[in-house]
Amino acid sequence: MLNRKNKLLLYKLLSLFSVVRGYNILMITLAQYLASIYILSPNLPLREVIFDLNLFIIVTASALVIASGYIINNFYDAEKDLINKPTKSMLDRLVSQRFKLTTYFILNLVAVFLASYISFRAVLFFSAYVFGIWLYSHKLKRIPLLGNIVSATLAIAPFFVVFVYYRNFETVIFVHALFLFLLILARELIKDLESMAGDLAQNYKTLPILYGLKTSKIFIGLLALFTLVPAWLLISEFDVGYMYFYFGFSILLLVIFIFLLWKAKNKKDYVWLHNILKLIIISGVFSILLIDVDLVLNRIL
């Protein structure tokens, strides 16, 4: 049995894991490695990719900066989250604001230090990434639409640094990136619909608050329609192996999403829409394996 002190420590660790959204970071790390193996360097031996020290440092530095980004975002959104996410907010508050800020600075310093092993350009990238996340959390997220676009851009930045590392600039990679960017942007706008109560209380000027639910739904619906374009292109114009099943599934879910979006009326409905987009994004990570199911086995030797 754990004593009171050990239980408190366990709760604080769970709180910190909740603040940095450790599950999201694990998914991003997995996605970076799978993208490196299957999309960005398909001709390199598997061992060379997995045991590439530079790639490991890039992925680790990305994870640290993303974790620090969640911390600073949580710091600025503490009051809003009390309204929109009361249960999670109570867990997050087990860790003091001072400790969160200390952890934020330590994670960023370690990330930039690790980047210095690779190159000065890597240091510049991660320094700019840290600054961009802070600027978004502190100022830009309050600007309608621009804040959403910046958030989606920051979300795909870890993949940008990996494909620059491999210097693979094939068209198919940009189409993949466009598909992911549009999905994340739509998800960010749905989150604005979910959090209207807290945004109103904190005087955030989001798209639904400024222009209303109908205009926001029309914009998000058009965004979902635009997302169908890269999905269809990846099926019809590029060799994505069995991943075409995933993109076909995504097109079906996006059509359902558009239909449910127009009928949505309350927070519960918006949570369902959010989960549909989240399902498409998460399943997309594992679906990378479908590009060539025999690839890993063939590249072990």
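Above this text is the structure in question.
Values in this document were obtained by computation on a predicted structure and should not be read as measured data. (Residues numbered from 1 in each chain as written. Predicted model: local features only at pLDDT ≥ 70, side-chain atom pairs only at ≥ 80, totals over all residues. Heavy atoms only, no water.)

Caption draft 1: A look at the packing of helix H9 (residues 146-166) against helix H10 (residues 171-194). Across the interface, H9 lies against H10 with an axial gap of 8 Å and an inter-helix angle of 150°. Comparing their axes, H10 and H9 come out roughly antiparallel. H9 and H10 meet at a crossing whose hand is right-handed. Residues Asn148, Ile149, Ser151, Ala152, Thr153, Ala155, Ile156, Phe159 and Phe163 of H9 lie in contact with H10, whose contacting residues are Ile173, Phe174, Leu180, Phe181, Ile184, Leu185, Glu188, Leu189 and Asp192. (Axes fitted to C-alpha atoms, helices over the stretch in contact; angles between N-to-C directions. Helix = DSSP H or I, 4+ residues; strand = E, 2+ residues; numbered from the N terminus. Parallel < 35°, antiparallel > 145°, perpendicular 65-115°, else oblique. Left-handed = near helix turned anticlockwise from the far one by under 90°. Contact = heavy atoms within 4.5 Å.)

Caption draft 2: Local environment of the pattern of salt bridges. Per the counting criterion, the structure on display carries 1 salt bridge. Across the pair lysine 191 and glutamate 188 runs a salt bridge whose closest N-O atoms are separated by 3.4 Å. With lysine 191 and glutamate 188 both in helix H10 and 3 residues apart, the pair spans about one turn of that helix. Note on lysine 191: relative accessible area 25%, which makes it partly exposed. (Salt bridge = Lys/Arg side-chain N within 4 Å of Asp/Glu carboxyl O. Buried < 20%, exposed > 50% of the residue type's maximum accessible area, 1.4 Å probe, protein only.)

Caption draft 3: Structural context of the layout of surface pockets. By volume, the second largest pocket amounts to about 320 Å³. Taken together, Ile58, Ile118, Ser119, Arg121, Ala122, Phe125, Phe126, Phe160, Val161, Val164, Tyr165 and Arg167 form the lining of the second largest pocket. Contributing elements (two or more residues each) for the lining of the second largest pocket: helix H8 (120-138) and H9. Split into classes, the residues belonging to the lining of the second largest pocket amount to 9 nonpolar, 1 polar and 2 charged. (1 Å grid on protein atoms, 1.4 Å probe; cavity = no way out; pocket = protein on both sides within 12 Å on 5 of 7 lines; lining within 4 Å. Points joined across faces, edges and corners; volume = space filled by probe spheres on them. Nonpolar A, V, L, I, M, F, W, Y, C, P; charged D, E, K, R; others polar.)

Caption draft 4: Geometry of unusual backbone geometry. Positive phi outside glycine occurs at leucine 145, with the angle close to 70°. Here leucine 145 shows up in the loop between H8 and H9.

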